[in-house]
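# Geometric and topological summary
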Amino acid sequence: MIGNTFALIRVSTEEQNEARQVVRMEKLGIPKRNIIIEKESGKSKERVKFHRLIKRLKQGDTLYIENLDRLARDYDSILSHWNTLTKQKGVILKILDTPMLDTDQDNNDLATRFMRDIFLLTQAFQAESEWHKIKVRQAQGIAVAKASGKNCGRPKSIRTKRQIKIARQYLNREISLNTALQLLKIKKSTFYKLCHVINGI
């Protein structure tokens, strides 16, 4: 059964640029409409686009990702998503940076599957270990900066008159939540933070 081809691109923050990954997927001939881009931490439980993609994928479809940690950042979630996609849904996974994990290999005998499972467990372990190392280094960097008297908090976001106006319209029940989100093109959680601030003004 030949299905559709998709790509999942994830960057952890709004500031990170996904362009390099997009170019890489487009070179593989993946239709632009099937390239799913999410700007969420791999540890996030929300990941609306990712879970919507999982529901959309069918048996015989192929999903490309650059690295295994694009699925998730923790060991248990990586294995859970892998099993859901490959065993429950019958989706073919293609991992660009580690083709040994590709599930459509010509030689798929018991020994090959055994080696792939071991490699999968190793890669999942490394993904979570690296995430913890990053967090430790960040905490150490913040501690050093604070000790030297630097302000390590996030810079206060500049709220435009338009943002304030639309937030007030929502708070005054002049417009709906969906309308406000469409006008400002921001996530619901960000908008709620904005409303909280506006409420206090």
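Residues numbered from 1 in each chain as written. Predicted model: local features only at pLDDT ≥ 70, side-chain atom pairs only at ≥ 80, totals over all residues. Heavy atoms only, no water.

## What about the sheet that holds strand 1 (residues 5–11)?
Spatial strand order, 2-1-3-4: four strands in an open sheet with parallel pairing. Each end of this open sheet is capped by a strand with a single partner; those strands are strand 2 (35–39) and strand 4 (92–95). Adjacent strand axes in the sheet meet at a mean angle of 20° when their direction is disregarded. Pairing geometry for strand 1 and strand 2, over five bridges, is parallel. Residue pairing in the sheet places A7 in a bridge with I35 of strand 2. Contacting strand 1, strand 2 and strand 3 (62–65), helix 1 (residues 19–27) crosses the sheet at an angle of about 170° to strand 1. Along the sheet, helix 2 (residues 48–56) contacts strand 1, strand 2 and strand 3; its crossing angle with strand 2, the most-contacted strand, is approximately 150°. (Pairing = 2+ DSSP bridges. Helix = DSSP H or I, 4+ residues; strand = E, 2+ residues; numbered from the N terminus. Axes fitted to C-alpha atoms, helices over the stretch in contact; angles between N-to-C directions. Contact = heavy atoms within 4.5 Å.)

## Structural notes on the environment of N172
For N172, the location among the structural elements is in the loop between helix 5 (161–171) and helix 6 (177–184). In this structure, the C-alpha to C-alpha distance between N172 and R116, residues 56 residues apart in sequence, is 57 Å.

## A look at the layout of surface pockets
In this structure, the second largest pocket occupies an estimated 240 Å³ of space. Along the walls of the second largest pocket sit L79, W82, N83, T86, K87, V91, T103, N108, R113, R116, D117 and L120, which together make up its complete lining. When residues of the lining of the second largest pocket are traced back to their parent elements, those giving at least two are helix 3 (75–88) and helix 4 (110–147). Ranked by the residues each element gives to the lining of the second largest pocket, the list is headed by helix 3, at five residues. For the lining of the second largest pocket, the per-class residue count stands at four nonpolar, four polar and four charged. (1 Å grid on protein atoms, 1.4 Å probe; cavity = no way out; pocket = protein on both sides within 12 Å on 5 of 7 lines; lining within 4 Å. Points joined across faces, edges and corners; volume = space filled by probe spheres on them. Nonpolar A, V, L, I, M, F, W, Y, C, P; charged D, E, K, R; others polar.)

## Things to note about the confidence of the model for the protein
As a note on interpretation, predicted positions should not be read in detail where pLDDT is low. When pLDDT is averaged along the protein, the result is 85; 90% of the residues meet or exceed 70. Here helix 7 (residues 188–200) is the element of the protein with the lowest mean pLDDT, 77, and strand 3 is the one with the highest, 96. (pLDDT = per-residue confidence, 0-100.)

## Comments concerning the packing of aromatic side chains
Tallied over the entire structure, the rule returns one aromatic pair. Ring centres 5.2 Å apart and planes at 65° place the aromatic pair Y170 and F191 in the edge-to-face group. Residue Y170 is found in helix 5, and its partner F191 is found in helix 7; the two are separated by 21 residues along the sequence. The lysine or arginine in question, R47, covers the ring of F50, its NZ or CZ lying 4.1 Å from the ring centre. (Phe/Tyr/Trp six-rings, centres within 6.5 Å; stacked < 30°, edge-to-face > 60°. Lys NZ or Arg CZ within 6 Å of the ring centre and 35° of its normal.)

## Digging into the pattern of salt bridges
If you walk through the whole model with that rule in mind, you get 12 salt bridges. Notably, a salt bridge pairs K58 with D61, separated by 4.0 Å at the nearest N-O pair. Given the relative accessible area of 48%, K58 is considered partly exposed. When salt bridges that share partners are traced, they join R20, R24, E66 and D97 into one network. (Salt bridge = Lys/Arg side-chain N within 4 Å of Asp/Glu carboxyl O. Buried < 20%, exposed > 50% of the residue type's maximum accessible area, 1.4 Å probe, protein only.)

## Remarks on the pairing of strand 1
For a regular strand, side chains alternate in direction, first toward one face of the sheet and then toward the other. For strand 1, the tally of buried residues reaches six of seven residues, placing the bulk of the element in the interior. Bridging between strand 1 and strand 3 involves four bridges; their strand directions are parallel. What sits directly across from T5, in strand 3, is T62.

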